[in-house]
Structure formats: C-alpha cells, structure tokens
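Observations on the model geometry
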Amino acid sequence: SMASPALLMRVVASAYSVAEKAATIVRNVMAAGDLGIVEKTGANDLQTKADRLVQMSICASLARKFPKVTIIGEEDLPPDEVNEELIEDGHSEEILKKTCPAQYTGIKEEELVIWVDPLDGTKEYTEGLLDHVTVLIGIAYGGKAIAGVINQPYYNYEAGADAVLGRTIWGVLGMGAFGFQLTEAPAGKHIIVTTRSHSSTLVNDCISALNPDSVIRVGGAGNKIIQLIEGKASAYVFASPGCKKWDTCAPEAILHAVGGKITDIHGNSFQYNKEVKHMNSAGVLATLRNYDYYASRIPNAVKQSLVP
C-alpha cells in the first residue's frame, strides 16, 4: 500500500485550502461593505472584521486537523466558539501527491509552529489598494521557516469581470515554490521595494544610501516578497522595527525555497520557535539574488539604530 503522506505535506495541503477559504472571507467582507475597523495601537495599526474572521477560520481549521501543532496568529481574539461555516476541512490533492523532502519526513505535530497573518496589508485593504493584500500561513520547524502559503485574494482584480480572482503561492524548502512564474529583476538595476505606510527618516536614509534606480512603496510583507520573486524589485529593505514573525514566516519559506535570502538589517536569520519574541526589531533585508551587494551597503548608522 502507499505510505500515507508525511505530516508536513498534509499540513501544507490543508493550509492551501484554508488560505483559499480565507480569501473568500476577505472578499465577502469587502463586498458586504461593513469592514468593522478597529484601531489597535493607532491609525496605521488597524484590524477589520476580515482580520478577525480569517484568523478564526485559519486557526480553528488547522487546530482541528492538527491539534498538537502550535498556531500563533497576529490578532488577540477572545477564545470564542468558532462558527462551523468558518471551518475549512479540505486539502490540495496536488500537494499531497508531492514527495516530502527527506529531512522533513519524520516531523511530529508538536514540533511544528504555524505563524498566521490573516490579512497582511490591512491598512491598504481599508483604502481599497486590494492588490497589496495577502493571507500568510508560515510553517516553522526547529525555529526555521520551512514551508509557506501566500494567498492574494485580489490577484487579477483589475483584469476585468471575466478574470479569475485570487491565487495561492506555496513552497517548501528543498522542493521549490509554486503558483507563480519565478522571474529575476532586470540585471544591473537596483529597484527597492519598501513600506508604504510605516516610513521614517531611518527607513528613507537607508534607502538613499543604497542609491537605487527606483523605489516602490507598497503595503504588506507578503506583497513585497512577491515583488522579489516576480522580478519587479531587486531588494526589499525596511530599516524599522515594525515587522513581526507572522509577516515574514510564510514569505521567508517561499523566498528561501527559490534560492533567495531574508534577514534583519544586520544579516541575522529570523527565528520562529514558539517562545521567540514576535517583533522583528532589527528590520528586514531580502533579495532573490545579489543579497551581499545590498547587505554590504547598509550604513553603520542604520545598523546601530536597530537593535536585534
């Protein structure tokens, strides 16, 4: 008989379907028109009804199937009973058919940590910049991001009424990443993607020091990593403490699966074990290629301002 698929592949296959369900919730909340916006720490730190419902859906759906996995979501929510219609029980057959990389075949449920950002780019969502929005489900083992799912609920939303809306990108270290066309940024061009709503003198000084040909300012960490893997930008630079583990876990796994690199501004790897602090307090530097070029040009003044 066929051996049953390894736990990791079952988790990724379920996360894929759970992310597609999340995208439907995100679109339904927007279509209904009542976003239910709450300020968390201020006007740039928002939570909507979509953030709340999606987190409940993702966490409850995955916890039901994988009860011993640690799941950490962005939103602090009361432990309410989750409405059954938020539960997604499906999985991607295509992912289940793939062979788990050998180094991950023996993983047990209690060794996995799943980092969930139910709606990355909430501010942009509330402003109608829908292509910035992603749903992020990152899977970590031994403190390392090893698999990830990124759903873009509004991918293609400007392509007209007949366009298929939304897409799901996924990847596993040692296997690769799927659901998009891997493209490198134009050779010799230094195109930097950075924050849209969390700018600061430090953020801008750091970018100026890199002497870029152009700067793209967009919302969402998931969206920024997609800019790198689709060749729209050559580096993602964020010299600020605002980013959190749930912002970077899924994107990191996908970027690393295709040979890219993401670290803090000092070049330190991110750790994703369940005890770790949530804030990436020393910023973010990520590239698909030529990481060393950018890392070597981060000014010391910037590094000294950002303590890991």
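Worth saying up front: this structure is predicted, and the values here are computed from it rather than measured. (Residues numbered from 1 in each chain as written. Predicted model: local features only at pLDDT ≥ 70, side-chain atom pairs only at ≥ 80, totals over all residues. Heavy atoms only, no water.)

1. Quick notes on the pairing of strand 10 (residues 214-217)
For a regular strand, the rule is simple: side chains alternate between the two faces of the sheet. Relative to strand 10, strand 9 (residues 191-194) runs parallel, the two being bridged by four bridges. Bridging from a neighbouring strand, threonine 194 pairs with arginine 217 of strand 10. Taken together, strand 9, helix 5 (residues 201-209) and strand 10 constitute a β-α-β crossover, and its handedness is right-handed. (Pairing = 2+ DSSP bridges. Helix = DSSP H or I, 4+ residues; strand = E, 2+ residues; numbered from the N terminus. Right-handed = clockwise from strand over helix to strand, strands pointing away.)

2. Side note on the domain arrangement of the protein chain
Considered domain by domain, the protein chain is made up of domain 1 (7-178) and domain 2 (191-305). Just the C-alpha atoms count here: the centres of domain 1 and domain 2 sit 21 Å apart. Facing 41 residues of domain 1, the contacting portion of domain 2 comprises 30 residues. A salt bridge links arginine 196 to glutamate 127; its shortest N-O distance comes to 2.5 Å. In this assembly, domain 1 and domain 2 are joined by nine residue pairs in polar contact (both at pLDDT 80 or more). Counting only elements with at least two residues in the side of domain 1 that touches domain 2, the list comes to strand 3 (70-73), strand 4 (112-120), helix 4 (122-126), strand 5 (134-141), strand 6 (144-152), strand 7 (167-172) and strand 8 (176-178). In terms of residue count, strand 6 provides more of the side of domain 1 that touches domain 2 than any other element does, eight residues in total. A breakdown of the residues in the side of domain 1 that touches domain 2 according to their chemical character gives 19 nonpolar, twelve polar and ten charged. (Domains from an automatic or database assignment. Contact = heavy atoms within 4.5 Å. Salt bridge = Lys/Arg side-chain N within 4 Å of Asp/Glu carboxyl O. Polar contact = N/O pair within 3.5 Å; in protein donor to acceptor, adjacent residues only side chain to side chain. Nonpolar A, V, L, I, M, F, W, Y, C, P; charged D, E, K, R; others polar.)

3. Notes on the environment of histidine 198
Mapping histidine 198 onto the fold places it in the loop between strand 9 and helix 5. In sequence terms histidine 198 and glutamate 75 are 123 residues apart; their C-alpha atoms lie 19 Å from each other. In contact with histidine 198, not counting residues within four places along its chain, are Asn44, Val203 and Phe238.

4. Quick notes on the pattern of salt bridges
As enumerated under the stated definition, the model contains ten salt bridges in all. A salt bridge links aspartate 45 to lysine 40, with the nearest nitrogen and oxygen atoms 3.9 Å apart. For aspartate 45, a relative accessible area of 22% puts it in the partly exposed group. Using a relative accessible area of 34% as the deciding quantity, one classes lysine 40 as partly exposed. Salt-bridge contacts for glutamate 127 lead to lysine 123; the nearest nitrogen and oxygen are separated by 2.7 Å. Classification of lysine 123 by relative accessible area gives buried; the value is 18%. Where salt bridges share partners, they join Lys40, Asp45, Glu74 and Glu75 into one cluster. (Buried < 20%, exposed > 50% of the residue type's maximum accessible area, 1.4 Å probe, protein only.)

5. Here we look at the sheet that holds strand 11 (residues 235-238)
Strand order across the open sheet formed by five strands is 10-9-11-13-12, with mixed pairing between neighbours. Strands at the two margins of the open sheet, each flanked by one partner only, are strand 10 and strand 12 (261-263). Pairs of neighbouring strands in the sheet enclose a mean axial angle of 20 degrees, with direction left out of account. As paired elements, strand 11 and strand 13 (residues 284-287) share three bridges and run antiparallel to each other. (Axes fitted to C-alpha atoms, helices over the stretch in contact; angles between N-to-C directions.)

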